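Now for the letters of each chain:
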Amino acid sequence: MNELLIIADQTLMTERQSWLASLADERRLSENTLDAYERDTRQFLTFLTQHLAAPARLKDIGDLRPADLRGFLASRRRDGAGARTLGRGLAGLRSFLRHLERKGLANAAGASAVRSPKQPKSLPKPLSAGQAIAVVDASEQLADEPWIRVRNAAVLTLLYGCGLRISEALSLTPADFVGTPTSLRITGKGDKMRIVPLIAPALTGVEDYIKLCPIPLADDKPLFRGMRGGPLQPAIIQREMQKMRSALGLPDSATPHALRHSFATHLLAGGGDLRTIQELLGHASLSTTQVYTGVDSARLLEIYDRAHPRA
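Residues numbered from 1 in each chain as written. Predicted model: local features only at pLDDT ≥ 70, side-chain atom pairs only at ≥ 80, totals over all residues. Heavy atoms only, no water.

Examining the overall build of the chain
In terms of helices and strands, the chain carries 16 helices and two strands. Taking all 311 residues of the chain together, 43% fall into the buried category. Within the chain, contacts between residues separated by at least 24 positions form 62% of all contacts whose residues are at least 6 apart in sequence. Summing over all exposed atoms, the chain offers an accessible surface of approximately 16,800 Å²; the carbon and sulfur share of this is 52%. (Helix = DSSP H or I, 4+ residues; strand = E, 2+ residues; numbered from the N terminus. Buried < 20%, exposed > 50% of the residue type's maximum accessible area, 1.4 Å probe, protein only. Contact = heavy atoms within 4.5 Å. Areas by Shrake-Rupley, 256 points an atom, 1.4 Å probe, with all protein chains shown as cover.)

Shown next, in the form of C-alpha coordinates:
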(Lines give C-alpha, C1' and ligand atoms only; values in the text may rest on other atoms or scores of the structure.)
Protein backbone atom coordinates (compact mmCIF):
# COMPACT_ATOMS: atom_id res chain seq x y z
CA MET A 1 0.00 0.00 0.00
CA ASN A 2 2.95 2.37 0.64
CA GLU A 3 3.92 2.12 -3.02
CA LEU A 4 0.38 3.05 -4.02
CA LEU A 5 0.42 6.16 -1.82
CA ILE A 6 3.62 7.30 -3.50
CA ILE A 7 2.45 6.80 -7.08
CA ALA A 8 -0.89 8.58 -6.68
CA ASP A 9 -2.60 10.96 -4.30
CA GLN A 10 -5.18 9.68 -1.84
CA THR A 11 -8.20 10.96 -3.80
CA LEU A 12 -7.18 9.08 -6.92
CA MET A 13 -6.38 5.95 -4.94
CA THR A 14 -9.77 6.07 -3.22
CA GLU A 15 -11.52 6.24 -6.60
CA ARG A 16 -9.39 3.35 -7.84
CA GLN A 17 -10.41 1.22 -4.84
CA SER A 18 -14.05 2.15 -5.45
CA TRP A 19 -13.73 1.01 -9.06
CA LEU A 20 -12.13 -2.31 -8.08
CA ALA A 21 -14.83 -2.90 -5.47
CA SER A 22 -17.56 -2.27 -8.07
CA LEU A 23 -15.96 -4.82 -10.39
CA ALA A 24 -16.06 -7.41 -7.62
CA ASP A 25 -19.54 -6.64 -6.26
CA GLU A 26 -21.52 -5.63 -9.34
CA ARG A 27 -19.81 -7.34 -12.26
CA ARG A 28 -18.56 -10.28 -10.18
CA LEU A 29 -15.28 -10.57 -12.05
CA SER A 30 -13.02 -13.45 -11.08
CA GLU A 31 -10.31 -12.96 -8.48
CA ASN A 32 -7.64 -13.51 -11.13
CA THR A 33 -9.10 -10.78 -13.35
CA LEU A 34 -9.37 -8.37 -10.42
CA ASP A 35 -5.76 -9.04 -9.47
CA ALA A 36 -4.69 -8.40 -13.05
CA TYR A 37 -6.64 -5.12 -13.26
CA GLU A 38 -5.19 -3.99 -9.93
CA ARG A 39 -1.69 -4.76 -11.16
CA ASP A 40 -2.22 -3.14 -14.56
CA THR A 41 -3.55 0.12 -13.13
CA ARG A 42 -0.79 0.18 -10.51
CA GLN A 43 1.78 -0.14 -13.28
CA PHE A 44 0.10 2.65 -15.22
CA LEU A 45 0.07 5.00 -12.21
CA THR A 46 3.74 4.21 -11.64
CA PHE A 47 4.47 5.10 -15.28
CA LEU A 48 2.39 8.29 -15.05
CA THR A 49 4.11 9.38 -11.82
CA GLN A 50 7.54 8.87 -13.39
CA HIS A 51 6.38 10.76 -16.47
CA LEU A 52 5.08 13.70 -14.39
CA ALA A 53 7.85 13.53 -11.76
CA ALA A 54 5.11 13.78 -9.10
CA PRO A 55 2.36 11.53 -7.70
CA ALA A 56 -0.52 11.23 -10.16
CA ARG A 57 -3.71 13.17 -9.39
CA LEU A 58 -7.29 13.01 -10.65
CA LYS A 59 -6.59 16.09 -12.78
CA ASP A 60 -3.74 14.24 -14.49
CA ILE A 61 -6.07 11.36 -15.29
CA GLY A 62 -8.60 13.83 -16.67
CA ASP A 63 -5.93 15.38 -18.91
CA LEU A 64 -4.77 12.07 -20.39
CA ARG A 65 -4.16 12.03 -24.14
CA PRO A 66 -3.93 9.00 -26.45
CA ALA A 67 -0.18 9.64 -26.71
CA ASP A 68 0.17 9.12 -22.94
CA LEU A 69 -1.53 5.73 -23.15
CA ARG A 70 0.50 4.72 -26.19
CA GLY A 71 3.64 5.67 -24.27
CA PHE A 72 2.59 3.40 -21.40
CA LEU A 73 1.91 0.48 -23.75
CA ALA A 74 5.30 1.04 -25.43
CA SER A 75 7.07 0.98 -22.07
CA ARG A 76 5.31 -2.25 -21.10
CA ARG A 77 6.25 -3.77 -24.46
CA ARG A 78 9.89 -2.89 -23.85
CA ASP A 79 9.61 -4.70 -20.52
CA GLY A 80 8.54 -7.84 -22.34
CA ALA A 81 4.73 -7.69 -22.08
CA GLY A 82 2.97 -9.54 -24.90
CA ALA A 83 -0.06 -8.51 -26.92
CA ARG A 84 -2.54 -10.31 -24.65
CA THR A 85 -1.14 -8.65 -21.53
CA LEU A 86 -1.15 -5.23 -23.21
CA GLY A 87 -4.72 -5.73 -24.45
CA ARG A 88 -5.92 -6.69 -20.98
CA GLY A 89 -4.10 -3.70 -19.45
CA LEU A 90 -5.72 -1.30 -21.89
CA ALA A 91 -9.13 -2.86 -21.20
CA GLY A 92 -8.62 -2.30 -17.47
CA LEU A 93 -7.61 1.34 -17.98
CA ARG A 94 -10.64 1.95 -20.18
CA SER A 95 -12.88 0.47 -17.50
CA PHE A 96 -11.28 2.67 -14.81
CA LEU A 97 -11.64 5.80 -16.94
CA ARG A 98 -15.29 5.02 -17.70
CA HIS A 99 -15.85 4.66 -13.95
CA LEU A 100 -14.36 8.15 -13.44
CA GLU A 101 -16.28 9.54 -16.41
CA ARG A 102 -19.61 8.40 -14.95
CA LYS A 103 -18.73 10.48 -11.88
CA GLY A 104 -17.77 13.49 -13.99
CA LEU A 105 -14.11 13.18 -12.95
CA ALA A 106 -12.47 12.27 -16.27
CA ASN A 107 -13.00 11.83 -20.00
CA ALA A 108 -12.62 8.30 -21.36
CA ALA A 109 -12.43 9.39 -25.01
CA GLY A 110 -8.63 9.30 -25.04
CA ALA A 111 -8.51 5.64 -24.08
CA SER A 112 -11.21 4.76 -26.61
CA ALA A 113 -9.09 6.34 -29.35
CA VAL A 114 -6.17 4.00 -28.66
CA ARG A 115 -6.31 0.85 -30.74
CA SER A 116 -5.88 -2.40 -28.84
CA PRO A 117 -2.73 -4.37 -29.72
CA LYS A 118 -3.36 -6.94 -32.42
CA GLN A 119 -3.79 -10.30 -30.75
CA PRO A 120 -1.91 -13.33 -32.10
CA LYS A 121 -4.18 -15.88 -33.68
CA SER A 122 -4.19 -19.18 -31.84
CA LEU A 123 -5.27 -22.32 -33.63
CA PRO A 124 -8.27 -24.25 -32.28
CA LYS A 125 -7.27 -27.40 -30.41
CA PRO A 126 -9.46 -30.28 -31.54
CA LEU A 127 -9.52 -33.75 -30.03
CA SER A 128 -8.44 -36.78 -31.98
CA ALA A 129 -11.24 -38.91 -33.42
CA GLY A 130 -10.65 -41.54 -30.73
CA GLN A 131 -10.73 -38.97 -27.93
CA ALA A 132 -13.92 -37.36 -29.27
CA ILE A 133 -15.69 -40.73 -29.55
CA ALA A 134 -14.68 -41.60 -25.99
CA VAL A 135 -16.05 -38.28 -24.72
CA VAL A 136 -19.47 -38.77 -26.33
CA ASP A 137 -19.79 -42.44 -25.34
CA ALA A 138 -22.61 -42.80 -22.80
CA SER A 139 -20.78 -45.62 -21.04
CA GLU A 140 -17.86 -43.24 -20.33
CA GLN A 141 -20.03 -40.65 -18.57
CA LEU A 142 -19.37 -40.31 -14.85
CA ALA A 143 -22.78 -39.28 -13.43
CA ASP A 144 -24.51 -41.67 -11.00
CA GLU A 145 -28.00 -41.37 -12.49
CA PRO A 146 -28.48 -43.27 -15.80
CA TRP A 147 -30.63 -40.51 -17.29
CA ILE A 148 -27.96 -37.93 -16.46
CA ARG A 149 -25.33 -40.07 -18.19
CA VAL A 150 -27.35 -40.38 -21.39
CA ARG A 151 -28.27 -36.66 -21.21
CA ASN A 152 -24.62 -35.64 -21.06
CA ALA A 153 -23.72 -38.04 -23.87
CA ALA A 154 -26.56 -36.69 -26.04
CA VAL A 155 -25.47 -33.07 -25.56
CA LEU A 156 -21.81 -33.86 -26.28
CA THR A 157 -22.76 -35.93 -29.34
CA LEU A 158 -24.67 -32.95 -30.76
CA LEU A 159 -21.57 -30.77 -30.31
CA TYR A 160 -19.28 -33.25 -32.06
CA GLY A 161 -21.71 -34.86 -34.50
CA CYS A 162 -23.46 -31.67 -35.64
CA GLY A 163 -20.89 -28.97 -34.85
CA LEU A 164 -23.23 -27.10 -32.52
CA ARG A 165 -22.24 -24.50 -29.98
CA ILE A 166 -23.24 -25.54 -26.48
CA SER A 167 -25.81 -22.72 -26.32
CA GLU A 168 -27.37 -24.00 -29.56
CA ALA A 169 -27.60 -27.57 -28.27
CA LEU A 170 -29.21 -26.45 -25.01
CA SER A 171 -31.79 -24.32 -26.84
CA LEU A 172 -33.22 -27.33 -28.69
CA THR A 173 -36.75 -28.46 -27.82
CA PRO A 174 -38.52 -31.86 -28.09
CA ALA A 175 -40.38 -30.44 -31.10
CA ASP A 176 -37.08 -30.37 -33.01
CA PHE A 177 -36.97 -34.18 -32.85
CA VAL A 178 -40.55 -35.06 -33.78
CA GLY A 179 -40.89 -37.50 -36.67
CA THR A 180 -37.33 -38.88 -36.75
CA PRO A 181 -35.73 -35.82 -38.40
CA THR A 182 -32.63 -36.04 -40.58
CA SER A 183 -31.61 -32.42 -39.98
CA LEU A 184 -31.92 -29.63 -37.44
CA ARG A 185 -32.80 -25.98 -37.99
CA ILE A 186 -30.39 -24.02 -35.81
CA THR A 187 -30.51 -20.33 -34.92
CA GLY A 188 -26.94 -19.25 -34.22
CA LYS A 189 -25.09 -16.02 -33.55
CA GLY A 190 -26.73 -12.91 -34.93
CA ASP A 191 -29.99 -14.88 -35.32
CA LYS A 192 -28.47 -16.51 -38.40
CA MET A 193 -30.43 -19.62 -39.39
CA ARG A 194 -28.75 -22.75 -40.73
CA ILE A 195 -29.62 -26.37 -41.43
CA VAL A 196 -27.30 -29.09 -40.10
CA PRO A 197 -27.57 -32.84 -40.79
CA LEU A 198 -28.60 -34.91 -37.78
CA ILE A 199 -26.43 -38.02 -37.80
CA ALA A 200 -27.90 -41.28 -36.52
CA PRO A 201 -25.80 -41.52 -33.32
CA ALA A 202 -26.92 -38.01 -32.30
CA LEU A 203 -30.59 -38.83 -32.91
CA THR A 204 -30.24 -42.14 -31.04
CA GLY A 205 -28.58 -40.35 -28.13
CA VAL A 206 -31.42 -37.85 -27.88
CA GLU A 207 -34.06 -40.59 -28.13
CA ASP A 208 -32.34 -42.56 -25.33
CA TYR A 209 -32.34 -39.44 -23.17
CA ILE A 210 -36.03 -38.72 -23.82
CA LYS A 211 -36.93 -42.29 -22.83
CA LEU A 212 -35.06 -42.12 -19.52
CA CYS A 213 -35.67 -38.50 -18.54
CA PRO A 214 -37.97 -38.50 -15.46
CA ILE A 215 -39.04 -34.88 -16.08
CA PRO A 216 -42.08 -34.14 -18.30
CA LEU A 217 -40.83 -32.52 -21.51
CA ALA A 218 -43.12 -29.99 -23.18
CA ASP A 219 -42.65 -29.66 -26.94
CA ASP A 220 -41.88 -25.93 -26.78
CA LYS A 221 -39.61 -25.98 -23.71
CA PRO A 222 -35.89 -26.78 -23.50
CA LEU A 223 -35.19 -30.45 -24.19
CA PHE A 224 -32.24 -30.85 -21.84
CA ARG A 225 -33.00 -30.49 -18.13
CA GLY A 226 -31.02 -30.23 -14.95
CA MET A 227 -31.42 -32.47 -11.91
CA ARG A 228 -34.16 -30.23 -10.46
CA GLY A 229 -36.10 -29.94 -13.70
CA GLY A 230 -34.98 -26.53 -14.89
CA PRO A 231 -33.20 -25.86 -18.18
CA LEU A 232 -29.75 -27.43 -18.27
CA GLN A 233 -27.02 -24.83 -17.78
CA PRO A 234 -23.79 -24.82 -19.84
CA ALA A 235 -21.70 -24.79 -16.66
CA ILE A 236 -22.98 -28.26 -15.76
CA ILE A 237 -21.76 -29.75 -19.04
CA GLN A 238 -18.48 -27.88 -18.66
CA ARG A 239 -17.99 -29.36 -15.18
CA GLU A 240 -18.78 -32.85 -16.45
CA MET A 241 -16.27 -32.39 -19.24
CA GLN A 242 -13.68 -31.32 -16.68
CA LYS A 243 -14.24 -34.58 -14.77
CA MET A 244 -13.90 -36.57 -17.99
CA ARG A 245 -10.61 -34.88 -18.83
CA SER A 246 -9.19 -36.31 -15.65
CA ALA A 247 -10.79 -39.73 -16.06
CA LEU A 248 -9.77 -40.14 -19.71
CA GLY A 249 -6.38 -38.44 -19.47
CA LEU A 250 -7.34 -35.63 -21.87
CA PRO A 251 -5.56 -32.26 -22.14
CA ASP A 252 -6.93 -29.07 -20.56
CA SER A 253 -7.96 -27.93 -24.05
CA ALA A 254 -10.61 -30.69 -24.12
CA THR A 255 -13.66 -28.51 -23.49
CA PRO A 256 -17.20 -28.80 -24.86
CA HIS A 257 -16.32 -26.20 -27.50
CA ALA A 258 -13.33 -28.33 -28.55
CA LEU A 259 -15.86 -30.87 -29.82
CA ARG A 260 -17.15 -28.27 -32.29
CA HIS A 261 -13.53 -27.66 -33.35
CA SER A 262 -13.12 -31.42 -33.72
CA PHE A 263 -16.23 -31.61 -35.92
CA ALA A 264 -14.79 -29.05 -38.34
CA THR A 265 -11.23 -30.40 -38.30
CA HIS A 266 -12.28 -34.01 -38.89
CA LEU A 267 -14.62 -33.00 -41.72
CA LEU A 268 -11.79 -31.06 -43.39
CA ALA A 269 -9.37 -33.96 -42.96
CA GLY A 270 -11.98 -36.27 -44.52
CA GLY A 271 -12.24 -34.15 -47.66
CA GLY A 272 -14.94 -31.64 -46.73
CA ASP A 273 -14.68 -28.27 -48.47
CA LEU A 274 -14.43 -25.00 -46.56
CA ARG A 275 -17.66 -23.52 -47.93
CA THR A 276 -19.70 -26.47 -46.72
CA ILE A 277 -18.00 -26.46 -43.32
CA GLN A 278 -18.63 -22.69 -43.08
CA GLU A 279 -22.35 -23.28 -43.62
CA LEU A 280 -22.48 -26.15 -41.13
CA LEU A 281 -20.74 -24.09 -38.44
CA GLY A 282 -22.78 -20.96 -39.14
CA HIS A 283 -19.73 -18.74 -39.67
CA ALA A 284 -20.56 -15.38 -41.22
CA SER A 285 -17.14 -15.17 -42.88
CA LEU A 286 -15.11 -17.82 -44.68
CA SER A 287 -11.96 -16.38 -43.10
CA THR A 288 -13.23 -17.61 -39.72
CA THR A 289 -13.51 -21.15 -41.08
CA GLN A 290 -10.11 -21.02 -42.80
CA VAL A 291 -8.38 -21.26 -39.41
CA TYR A 292 -9.09 -25.01 -39.57
CA THR A 293 -6.78 -25.39 -42.56
CA GLY A 294 -3.99 -24.30 -40.20
CA VAL A 295 -5.05 -26.96 -37.69
CA ASP A 296 -4.96 -29.65 -40.37
CA SER A 297 -1.57 -28.48 -41.66
CA ALA A 298 -0.16 -28.46 -38.13
CA ARG A 299 -1.45 -32.00 -37.59
CA LEU A 300 0.15 -33.21 -40.83
CA LEU A 301 3.48 -31.62 -39.90
CA GLU A 302 3.32 -33.26 -36.47
CA ILE A 303 2.76 -36.66 -38.09
CA TYR A 304 5.62 -35.97 -40.51
CA ASP A 305 7.98 -35.03 -37.68
CA ARG A 306 7.14 -38.24 -35.85
CA ALA A 307 7.20 -40.60 -38.81
CA HIS A 308 9.71 -39.39 -41.41
CA PRO A 309 13.26 -40.73 -40.90
CA ARG A 310 14.80 -37.44 -41.99
CA ALA A 311 12.47 -35.19 -39.96
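After that view of the structure, there is still more to cover.
What about the packing of aromatic side chains?
Tallied over the entire structure, the rule returns seven aromatic pairs. Look at Trp19 and Tyr37: their rings are 6.0 Å apart centre to centre, the planes differ by 15 degrees, and that puts the pair in the stacked class. With Trp19 in helix H2 (residues 10-25) and Tyr37 in helix H3 (residues 31-52), this pair connects stretches of sequence that are 18 residues apart. Pair check on accessibility: Trp19 and Tyr37 agree, each one buried. Judged by centre distance (5.1 Å) and plane angle (80 degrees), the rings of Phe44 and Phe72 are edge-to-face. (Phe/Tyr/Trp six-rings, centres within 6.5 Å; stacked < 30°, edge-to-face > 60°.)

Some details on the side chain of Thr157
Positionally, Thr157 belongs in helix H9 (residues 146-162). Excluding residues within four positions of it along the chain, Thr157 makes contact with Val136, Cys162, Pro201 and Ala202.

Overview of the UniProt feature "active site" (unreviewed entry) in the chain
Per the UniProt record, "active site" (unreviewed entry) is found at Arg165, Lys189, His257, Arg260, His283 and Tyr292. When the annotated set is filtered for residues lining the second largest pocket, what remains is Arg165, Lys189, His257, Arg260, His283 and Tyr292. Checked against the element boundaries, Arg165 lands in the loop between H9 and helix H10 (166-170). Apart from the residues lying within four places of it in its own chain, the contact partners of Arg165 are Leu159, Gly188, Lys189, Arg194, Arg260, Leu281, Gly282 and His283. One polar contact links Arg165 to Glu168, side chain to side chain, over a distance of 2.5 Å. Structurally, the position occupied by Tyr292 is in helix H16 (residues 291-307). (UniProt positions renumbered as here; feature names shortened; annotations may be inferred. 1 Å grid on protein atoms, 1.4 Å probe; cavity = no way out; pocket = protein on both sides within 12 Å on 5 of 7 lines; lining within 4 Å. Polar contact = N/O pair within 3.5 Å; in protein donor to acceptor, adjacent residues only side chain to side chain.)

Details of empty space enclosed by the protein
By the definition in use, this model includes one cavity of 30 Å³ or more. Its boundaries defined by the atoms lining it, the largest cavity holds a volume of some 50 Å³. Looking at the lining of the largest cavity, the elements that each hand over two or more residues are H3, helix H5 (66-78) and helix H6 (83-102). (Points joined across faces, edges and corners; volume = space filled by probe spheres on them.)

What about the layout of surface pockets?
Of the volumes computed, that of the second largest pocket is approximately 220 Å³. Arg165, Lys189, Arg260, His283 and Thr288 are the residues nearest the centre of the second largest pocket, which is lined by 12 residues in total. Mapped by element, the contributors of at least two residues to the lining of the second largest pocket are helix H13 (256-269) and H16. Ranked by the residues each element gives to the lining of the second largest pocket, the list is headed by H13, at three residues. Tallied by class, the residues present in the lining of the second largest pocket amount to four nonpolar, five polar and three charged. (Nonpolar A, V, L, I, M, F, W, Y, C, P; charged D, E, K, R; others polar.)

Examining the pairing of strand S1 (residues 183-187)
Alternating residues of S1 divide into Leu184 and Ile186, all buried, and Ser183, Arg185 and Thr187, none buried. Taken together, the five bridges between S1 and strand S2 (residues 193-197) define a ladder with antiparallel strand orientation. Within S2, the position partnered with Ser183 by the bridge is Pro197. (Pairing = 2+ DSSP bridges.)

Points about the nonpolar core
The nonpolar side chains of a soluble globular protein tend to be buried with one another. Leu156, Leu158, Leu164, Phe224 and Leu259 are the most contacted members of the largest nonpolar core, which totals 49 residues. Of all elements in the fold, only helix H8 (129-136), H9, H10, S1, helix H11 (200-212), helix H12 (234-248), H13 and helix H14 (274-281) reach the threshold of two or more residues within this core. Ranked by residue count, the leading element in this core is H9, at 10 residues. Excluding its chain neighbours within four sequence positions, the residues that come into contact with Leu156 are Val135, Val136, Gln141, Ile237, Met241, Met244 and Leu259. With 30 residues, the next largest nonpolar core counts Tyr37, Phe44, Leu86 and Phe96 among its residues. (Core = buried A, V, L, I, M, F, W, Y, C linked by side-chain atoms within 4.5 Å.)

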